[in-house]
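Fold and geometry: a report
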Amino acid sequence: MKYAFFSDVHANLEALKAVILDFRTEKIDRIFFLGDAVGYGPNPNECIELIDKVSKVKLMGNHDYAALGLMETEYFNQYAAESMAWTRDSLERNKIEIMSDFELTAKVGDFLLVHSSPKEPQMWHYILDMNDVEDNFKYFKEKVCLVGHTHRPFIVFKSEKGDCVISHKTEEKIQKNQRYLINIGSVGQPRDGDPRSCYLIYDTKSHIVRYKRVSYNFDETQRRMSALGLPGYLIERLAVGR
Ligand SMILES: [Fe+2]
């Protein structure tokens, strides 16, 4: 079976549609969403509807949490807060209901899925460096933990000896004697310098995890954001993936 894990769509419908088309090309059997359906982008309602249609497992992201009014936006930067105010005003009632059912964590076999960090999923910590990685390995028992949230993909494995090693490859075979913390990247607002959407494929037969990058029409997303008066900084960053 082939699993797809995707995250951080951020109301970018063009990116989401391109990635869903790619799921078909890749003949994905099961699809898992790791949070942040909304925030930043121009199509929150359409994205919630599509995500709900394609994936059975749906996790809550910090922007989804904020959009539901479960937390305030004082920790958001000015652009995120501005777009969140617009998102809250734009959400349809039935989409709010769908999003209310998003979960904080999920288990798929020996994989733990969480938007931000296994340490405290509802505190929305960022895993930014190797210290954060090493700390977070203490907070899950599963073989593999998948996260999103920073919009920057990485694969770190922990050897039997306990060393944490970062992989610079775009695919890795999950080894029997190692554990893994993997950031699956972002569909709707990549920040690793590559503007293409990013998601992760896991093949249950070969035990290989593989990043997939998908080009999409970001001009269209930018055009819609401009028309809605969303912040210029959020519009510009889509073209550069930063
Ligand atoms: Fe996000």
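Just so you know, these numbers come straight off a predicted model, no measurement behind them.

**Description of the sheet that holds strand β8 (residues 164-167)**
- Taken together, the six strands give an open sheet; going across it, the order is β4-β5-β6-β10-β7-β8, and neighbouring strands pair in mixed fashion. Among the strands making up the open sheet, the edge pair consists of β4 (105-108) and β8. Put simply, the sheet's adjacent strands are angled 20° from each other on average, direction ignored.
- As judged from the five bridges shared by strand β7 (residues 154-158) and strand β10 (residues 179-183), these two strands associate in the antiparallel manner. The residue of β10 that forms the bridge with F154 is N183.

**Some remarks on the pairing of β4**
- With burial as the criterion, only one face of β4 is covered, namely that bearing A106 and V108; the residues T105 and K107 on the opposite face remain uncovered.
- Of the strand pairs in this sheet, β4 and strand β5 (residues 111-114) are connected by four bridges, and their pairing is antiparallel. Paired with T105 across the strands is V114, a residue of β5.
- Hairpin connection of β4 to β5: two residues between the antiparallel strands, including G109 at a positive phi of 60°.

**Some remarks on the pattern of salt bridges**
- Applying the stated rule across the entire model yields 18 salt bridges.
- Across the pair K95 and E49 runs a salt bridge whose closest N-O atoms are separated by 3.7 Å. In this pair, K95 is assigned in helix α5 (residues 93-100) and E49 in helix α2 (residues 44-54), connecting sequence segments 46 residues apart.
- Residue classification places K95 among the buried positions, given a relative accessible area of 5%.
- Look at E49 and you get partly exposed, because its relative accessible area is 40%.
- Among the salt bridges present, the one from D194 reaches R213, with a minimum N-O distance of 3.7 Å. Placement of D194 in the loop between β10 and β11 (197-203) and of R213 in strand β12 (residues 208-214) is noted, with a sequence separation of 19 residues between them.

So, how was this worked out
Residues numbered from 1 in each chain as written. Predicted model: local features only at pLDDT ≥ 70, side-chain atom pairs only at ≥ 80, totals over all residues. Heavy atoms only, no water. Pairing = 2+ DSSP bridges. Helix = DSSP H or I, 4+ residues; strand = E, 2+ residues; numbered from the N terminus. Axes fitted to C-alpha atoms, helices over the stretch in contact; angles between N-to-C directions. Buried < 20%, exposed > 50% of the residue type's maximum accessible area, 1.4 Å probe, protein only. Salt bridge = Lys/Arg side-chain N within 4 Å of Asp/Glu carboxyl O.

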